[in-house]
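Listed here are the chains, written in short residue letters.
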Amino acid sequence: MVFGRMSAISRFIYEQMPNFDVAGYVLFFIIFALSVLVYKLGFAKRLPLRQNIVIYLFLFIGCLVLTFLAFFLPIVEGLMVAALILIIYKVRMRLEKRGTTA
């Protein structure tokens, strides 16, 4: 009943893991890793170590909330799309800086 309403990646993770506790941690880790990637690609600037620690602490807390939402909303899929768009943007910017076009 609940599996039918879950988002695709969340359902896949919960079906493949040995138990629900491990699946929850895996889902959280995936969301946190993708959030860090999106932050680094799109928003990060050079900051002192203390400020970086505070930012990643709040990112960690925010990912706890996103993990609960990821059961029924496509949070992981959205983060993957955001990361892909930012990767394409960074590659194009680097190519334009060199003066070559793809």
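In this report, the structure presented in the accompanying data block is examined. It should be emphasised that the depicted structure is a prediction, and the values quoted were computed from it without experimental measurement.

1. Quick look at a nonpolar patch on the surface
And step 1. A surface patch of nonpolar side chains, about 560 Å² in accessible area, is lined by Val54, Leu57, Phe58, Phe60, Ile61 and Leu64.
And step 2. Mapped onto the elements of the fold, phenylalanine 58 is located in helix H3 (residues 49-69).
And step 3. By relative accessible area, which is 58% here, phenylalanine 58 ends up exposed.

2. Section: the packing of helix H2 (residues 20-42) against helix H4 (residues 75-98)
And step 1. At a minimum axis separation of 9 Å, H2 and H4 run at an interaxial angle of 30 degrees. The angle between H2 and H4 falls in the class roughly parallel. When the axes of H2 and H4 are compared, the crossing they make is left-handed. Between H2 and H4, the residues in contact are Leu27, Ile30, Ile31, Leu34, Ser35, Leu37, Val38, Leu41 and Gly42 and Ile75, Val76, Leu79, Met80, Ala82, Ala83, Leu86, Ile87 and Lys90, respectively.
And step 2. Among the residues forming the contact of H2 with H4, the class breakdown is 15 nonpolar, two polar and one charged.

3. A look at the packing of H2 against H3
And step 1. At a closest axis distance of 9 Å, the pairing of H2 and H3 adopts a crossing angle of 130 degrees. Comparing their axes, H3 and H2 come out oblique. Between H2 and H3 lies a crossing whose hand is right-handed. Within the contact between the two elements, H2 uses Gly24, Leu27, Phe28, Ile31, Phe32, Ser35, Val36, Tyr39 and Lys40 and H3 uses Ile55, Tyr56, Leu59, Phe60, Cys63, Leu64, Leu66 and Thr67.
And step 2. Tallied by class, the residues present in the contact of H2 with H3 amount to 13 nonpolar, three polar and one charged.

4. Some points on the nonpolar core
For soluble globular proteins, nonpolar side chains are generally found buried alongside one another.
And step 1. In terms of nonpolar packing, the biggest core is built from 19 residues, with Tyr14, Leu27, Ile31 and Leu79 touching the most fellow members.
And step 2. At the level of elements, helix H1 (8-16), H2, H3 and H4 are the ones that each hand at least two residues to this core.
And step 3. Ranked by residues supplied to this core, first place goes to H2 with seven residues.
And step 4. If near-sequence neighbours (up to four positions away) are discounted, leucine 79 is found in contact with Ile31, Leu34, Ser35 and Val38.

Rules of the game
- Residues numbered from 1 in each chain as written.
- Predicted model: local features only at pLDDT ≥ 70, side-chain atom pairs only at ≥ 80, totals over all residues.
- Heavy atoms only, no water.
- Patch = residues over 30% accessible without salt bridge, like charges linked within 9 Å, V, L, I, M, F, W, Y side chains within 5 Å.
- Areas by Shrake-Rupley, 256 points an atom, 1.4 Å probe, with all protein chains shown as cover.
- Salt bridge = Lys/Arg side-chain N within 4 Å of Asp/Glu carboxyl O.
- Helix = DSSP H or I, 4+ residues; strand = E, 2+ residues; numbered from the N terminus.
- Buried < 20%, exposed > 50% of the residue type's maximum accessible area, 1.4 Å probe, protein only.
- Axes fitted to C-alpha atoms, helices over the stretch in contact; angles between N-to-C directions.
- Parallel < 35°, antiparallel > 145°, perpendicular 65-115°, else oblique.
- Left-handed = near helix turned anticlockwise from the far one by under 90°.
- Contact = heavy atoms within 4.5 Å.
- Nonpolar A, V, L, I, M, F, W, Y, C, P; charged D, E, K, R; others polar.
- Core = buried A, V, L, I, M, F, W, Y, C linked by side-chain atoms within 4.5 Å.

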